[in-house]
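Here are the chains, one letter per residue:
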Amino acid sequence: MTAGSSTGFDRLLALGDDALVMAQRLGGWCTRAPEMEEDVALANIALDQLGAARLLLGYAGEVEGAGRDEDALAFLRTDREYRNALLAELPDADFAVLVVKLLFFCAFQRLRYATLAAGPDERLAAIAAKAVKESAYHVDHGAQWTVRLGDGTDESHTRTQAAVDELWPYTHELFDDEPGLRPAWLSTVEPVLAEATLDRPADGWAPRGGRDGQHTEALSYLLAEMQVLHRAHPGARW
Amino acid sequence: MPEDWPLWEVFVRPRRGLSHTHVGSLHAPDAQLALRNARDLYTRRQEGVSIWVVPAAAVTASSPDEKDAFFDPAADKAYRHPTFYAVPEGAPHL
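Quick caveat, the model's predicted, so the values are computed rather than measured. (Residues numbered from 1 in each chain as written. Chains lettered and ligands numbered in written order. Predicted model: local features only at pLDDT ≥ 70, side-chain atom pairs only at ≥ 80, totals over all residues. Heavy atoms only, no water.)

**Things to note about the side chain of Glu37(A)**
Then step 1. Structurally, Glu37(A) is set in helix 2 (residues 36-64).
Then step 2. No salt bridge is formed by the buried Glu37(A); its nearest oppositely charged neighbour, Arg44(B), is found at 13 Å.
Then step 3. In terms of polar contacts, Glu37(A) uses its side chain to reach the backbone amide nitrogen of His27(B), at 2.6 Å. (Helix = DSSP H or I, 4+ residues; strand = E, 2+ residues; numbered from the N terminus. Buried < 20%, exposed > 50% of the residue type's maximum accessible area, 1.4 Å probe, protein only. Lys, Arg positive; Asp, Glu negative; His and termini not counted. Salt bridge = Lys/Arg side-chain N within 4 Å of Asp/Glu carboxyl O. Polar contact = N/O pair within 3.5 Å; in protein donor to acceptor, adjacent residues only side chain to side chain.)

Here it is as structure tokens:
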């Protein structure tokens, strides 16, 4: 395998794993959101993410050329082989963390997909063109809720500011592959935080490692739950 | 908290040229989120191109108790239907 195709494989894994881990985290909210309508909204977003993950990992498997399909890549890799950014895997301690993560992460995904949709790889461009429309809605959902929680009650404001402070350092890693996107990301996120009466944290500590397979322990637990059925019953179907 | 979320009535226009039709109701904390919830609940399968949401409290409905007085008198007034009238000869586009 040439270095070039290896790079393509890694890039597709990073994109696919981002979407897959987000899908799994969002799926965990089904039946646990504050209201049934929000259950449906989050499940919709989870399924959008899962749909993108399947296309990206399926393509990654073909590029790799080692006979691994989307299921093999999703269910039979360990945490050290996952290439998602750390932000995706962080546990959602409460609804505020989920909402802020949705805003931060999906704003990044939208910009990344928009760039890829205009890129030279036609197959990837087609996947990205489909995903970018979905991302726009995900960002909107995160932004709507960030404003309501931030500019809501004292309790919701406190929790949402805590979520912003906790997640902000992890947003730096998102732009390691394409640093030029961060200004556009800031111009999406900062006005939302301002409208939500939330403080935009200072840039400082910037944990990273997800793209190299060095994850938080949270990913191990997430993968254990996601993979247990397939590992116990290979190829099981509903 | 959820009991604070008011009820909204949802109207969807299936496609351009047709009227918005009532499709159901949902809970949401405000109009903007009601619109988004409606999108997620009622247009998942390409059911529409436009959505209205209206606070259920803003709808004034006729009462079942008034049904007789409201609707029954129309039952025997066939002359209100266009088919009651014979079209005169020589007026094809009437």
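The discussion continues.
**Observations concerning helix 9 (residues 217-232) of chain A**
Residue and element names in this part refer to chain A.
Then step 1. Taking 1.5 Å per residue as the helical rise, helix 9 with its 16 residues ought to reach 22 Å, and the 22 Å between its terminal C-alpha atoms agrees with that figure.
Then step 2. The largest bend in helix 9 is about 40°, located at Met 226.
Then step 3. For helix 9, every residue scored as buried is listed here: Ala 218, Leu 219, Leu 222, Leu 223, Met 226, Gln 227 and His 230. (Expected span 1.5 Å × (residues − 1). Bend = angle between axes of the 7 residues up to and from the residue.)

**Digging into the confidence of the model for chain B**
Then step 1. Across chain B, pLDDT averages 90, with 96% of residues at or above 70.
Then step 2. Both confidence scores are given for the complex: pTM 0.89, ipTM 0.77. (pLDDT = per-residue confidence, 0-100.)

**What about the sheet that holds strand 2 (residues 21-27) of chain B?**
All names here are of chain B.
Then step 1. Strand order in the open sheet formed by three strands is 2-1-3, and the pairing between neighbours is antiparallel. Each edge of the open sheet is held by one strand with a lone partner, namely strand 2 and strand 3 (50-55). Pairs of neighbouring strands in the sheet enclose a mean axial angle of 30°, with direction left out of account.
Then step 2. With six bridges connecting them, strand 1 (residues 7-13) and strand 3 associate as antiparallel partners. (Pairing = 2+ DSSP bridges. Axes fitted to C-alpha atoms, helices over the stretch in contact; angles between N-to-C directions.)

**Side note on the pattern of salt bridges**
Residue and element names in this part refer to chain A.
Then step 1. Across all of its chains, the model carries 20 salt bridges over all chains by this definition.
Then step 2. Measuring nitrogen to oxygen at the nearest pair gives 2.6 Å for the salt bridge that ties Arg 54 to Glu 70. Note that Arg 54 is positioned in helix 2 and Glu 70 in helix 3 (residues 70-75), a separation of 16 residues in sequence.
Then step 3. A salt bridge links Arg 159 to Asp 94; its shortest N-O distance comes to 3.2 Å. Pair noted here: Arg 159 is in helix 7 (residues 154-167) and Asp 94 is in the loop between helix 4 (86-89) and helix 5 (95-117), with a separation of 65 residues, a long-range link.
Then step 4. Since its relative accessible area comes to 41%, Arg 159 is described here as partly exposed.
Then step 5. According to the relative accessible area criterion, Asp 94 is buried, its value standing at 17%.
Then step 6. Connected via shared salt-bridge partners are Arg 182, Glu 190, Arg 200 and Asp 203.

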